[in-house]
Amino acid sequence: RSDVRLKSVQIPVPASWVRVRDEIRKRAKEQEVLPASEFATICASADRTEDRVTDPDLQRGLLLMLHQMGVLVAHGLTDESTSIEGLTLLDPNWLTTAIYALLADGELREREGIFDRALLRDVLLRREDVVAASYGPDRLDYIIDMMQRPEFTLAFRLPGPVEPPRYLLAEALPSATPAVVRGWEKNSLRFRYRYPEYRDSLIPTFLVIANEYFGPDPSRWRFGCTLEI
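The rules behind the values
- Residues numbered from 1 in each chain as written.
- Predicted model: local features only at pLDDT ≥ 70, side-chain atom pairs only at ≥ 80, totals over all residues.
- Heavy atoms only, no water.
- Phe/Tyr/Trp six-rings, centres within 6.5 Å; stacked < 30°, edge-to-face > 60°.
- Helix = DSSP H or I, 4+ residues; strand = E, 2+ residues; numbered from the N terminus.
- Buried < 20%, exposed > 50% of the residue type's maximum accessible area, 1.4 Å probe, protein only.
- Lys NZ or Arg CZ within 6 Å of the ring centre and 35° of its normal.
- Core = buried A, V, L, I, M, F, W, Y, C linked by side-chain atoms within 4.5 Å.
- Contact = heavy atoms within 4.5 Å.
- Pairing = 2+ DSSP bridges.
- Axes fitted to C-alpha atoms, helices over the stretch in contact; angles between N-to-C directions.
- Arc of directions from axis to C-beta.
- Expected span 1.5 Å × (residues − 1).
- Polar contact = N/O pair within 3.5 Å; in protein donor to acceptor, adjacent residues only side chain to side chain.
- Salt bridge = Lys/Arg side-chain N within 4 Å of Asp/Glu carboxyl O.

Examining the packing of aromatic side chains
Alright, step 1. A full pass over the atoms with the stated rule returns five aromatic pairs.
Alright, step 2. Geometrically, the ring pair formed by Trp94 and Tyr135 is stacked, given 5.1 Å between the ring centres and 5 degrees between the ring planes. Of this pair, Trp94 sits in helix α4 (residues 92-103) while Tyr135 is found in the loop between α6 (117-126) and α7 (140-148), placing the two residues 41 residues apart along the sequence.
Alright, step 3. Looking at Tyr135, the relative accessible area reads 4%, which means it is buried.
Alright, step 4. Centre to centre, the rings of Phe115 and Tyr167 are 5.7 Å apart; their planes meet at 35 degrees, and the pair counts as tilted. Taken together, the residues Phe115 in strand β4 (residues 114-115) and Tyr167 in strand β6 (residues 167-169) connect sequence positions 52 residues apart. We note that Phe115, like Tyr167, is buried.
Alright, step 5. Its end group placed over the ring of Phe214, Arg220 keeps NZ or CZ at 5.1 Å from the ring centre.

Focus on the nonpolar core
Side chains of nonpolar character tend, in soluble globular proteins, to be buried together.
Alright, step 1. Of all hydrophobic cores here, the largest spans 28 residues; its most connected members are Leu102, Phe115, Leu120, Leu124, Ile143, Met147 and Leu169.
Alright, step 2. It is α4 that provides the largest number of residues to this core, a total of seven residues.
Alright, step 3. The contact partners of Met147, leaving out residues within four places of it in the chain, are Ile99, Leu102, Phe115, Phe152, Thr153, Leu154, Ala155 and Leu169.
Alright, step 4. Grouped together as the second largest cluster of nonpolar side chains are 20 residues, Val20, Ala36, Leu72 and Leu89 included.

Examining the sheet that holds strand β3 (residues 88-90)
Alright, step 1. With antiparallel pairing, the three strands of this open sheet are ordered in space as β1-β3-β2. Two strands in the sheet have a free side with no partner beyond their single neighbour: β1 (33-35) and β2 (73-75). Here the strands of the sheet are splayed against their neighbours by 30 degrees on average, with no regard to which way each runs.
Alright, step 2. Bridging between β2 and β3 involves three bridges; their strand directions are antiparallel. Its bridge partner lying in β3, Val73 is registered against Leu90.
Alright, step 3. Packing of helix α2 (residues 36-44) onto the sheet brings it into contact with β1 and β3, and relative to β1 it is tilted by some 75 degrees.

A closer look at the sheet that holds strand β5 (residues 155-157)
Alright, step 1. Here three strands make up an open sheet; going across it, the order is β4-β6-β5 and the pairing antiparallel. Lying at the two open borders of the sheet, with one neighbouring strand each, are β4 and β5.
Alright, step 2. Note that β4 and β6 share two bridges and pair antiparallel. Residue Ile114 lies in a different strand from β6, and its bridge partner there is Leu168.

Re α6
Note on helix geometry: an α-helix contains 3.6 residues per turn, so any two residues three or four positions apart are oriented the same way.
Alright, step 1. Within α6, the full set of buried residues consists of Leu119, Leu120, Val123 and Leu124. Looking down the long axis of α6, one finds its buried residues gathered within 135 degrees of arc, a one-sided arrangement.
Alright, step 2. In this structure, the buried side of α6 is in contact with α4, α5 (106-110), β4 and α7.

Digging into helix α1 (residues 15-28)
Alright, step 1. Between its terminal C-alpha atoms α1 stretches 20 Å, which fits the 20 Å expected from 14 residues at 1.5 Å a residue.
Alright, step 2. For α1, every residue scored as buried is listed here: Ser16, Trp17, Val20, Ile24 and Ala28. Projected onto a plane normal to the axis of α1, the buried residues spread over an arc of 115 degrees and lie on a single side. Facing away from the buried side of α1, by more than 90 degrees, are the exposed residues Ala15 and Lys26.
Alright, step 3. Considering only its buried residues, α1 is in contact with β1, α2 and α3 (56-69).

A word on the side chain of Asp105
Alright, step 1. Relative to the assigned elements, Asp105 resides in the loop between α4 and α5.
Alright, step 2. Accessibility expressed as a relative area gives 10% for Asp105, which makes it buried.
Alright, step 3. A polar atom in the side chain of Asp105 sits 3.0 Å from the backbone nitrogen of Leu108.
Alright, step 4. Non-local contacts of Asp105, meaning those with residues more than four positions away in its chain, are made with Val123 and Arg126.

Some details on the pattern of salt bridges
Alright, step 1. Taken as a whole, this structure holds twelve salt bridges when the rule is applied.
Alright, step 2. The closest approach of N and O atoms between Arg126 and Asp105, which form a salt bridge, is 3.0 Å. Of this pair, Arg126 sits in helix α6 while Asp105 sits in the loop between α4 and α5, and the two are 21 residues apart along the sequence.
Alright, step 3. The residue Glu107 makes a salt bridge to Arg126 at a minimum N-O spacing of 3.2 Å. One end of the pair, Glu107, is in helix α5; the other, Arg126, is in helix α6, with 19 residues separating them in the sequence.
Alright, step 4. For Glu107, a relative accessible area of 28% corresponds to the partly exposed category.
Alright, step 5. Assessed through its relative accessible area of 44%, Arg126 is described here as partly exposed.
Alright, step 6. One network of salt bridges, with partners in common, ties together Asp105, Glu107, Arg111 and Arg126.

In structure tokens:
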């Protein structure tokens, strides 16, 4: 019996869609960033008519499926109604290489997870396994933006008029719990949730989602935070 939560696994995928998927994977080895207009060209450029995907709605459906499968990352895609015009397609390996480079960087941890475009660039250039040309200044905003999107929920922009903008990568926060100066008021309602186990990324993800509730002098660390609500 198939799992009712995975109804789509029973739906046959057209051979024309498989062709596009394979071509995108091939392109990703040579071209990390691809305009969506080129994706449309790939869809419609097969030799045989039956291998072409020319309908814009089918192209959008195929793009969404490839995005959900992790074959590509559609930068700017927010929901199923989003048009593919103006989107930029990213190689997932190219994107995750940049994110892991940040997570592993000692200087970023010394800065308690705070970074800007210049530091991101420096981190990537320090990596021996990174080709500098692949992460040019014109591509840094793709990385920063994707880290803030719901698919990743890794970072958020720090408030304030500081230029250039600064961001916080929550998983790079220090692990030590800081002393919380302000105590509880006498009649405060206090309760605690206990989890026998949870994903390591749970608290950093929560920090990103709840960042609007940080006070002017917030306490936040790898495994917790204080909020003002």
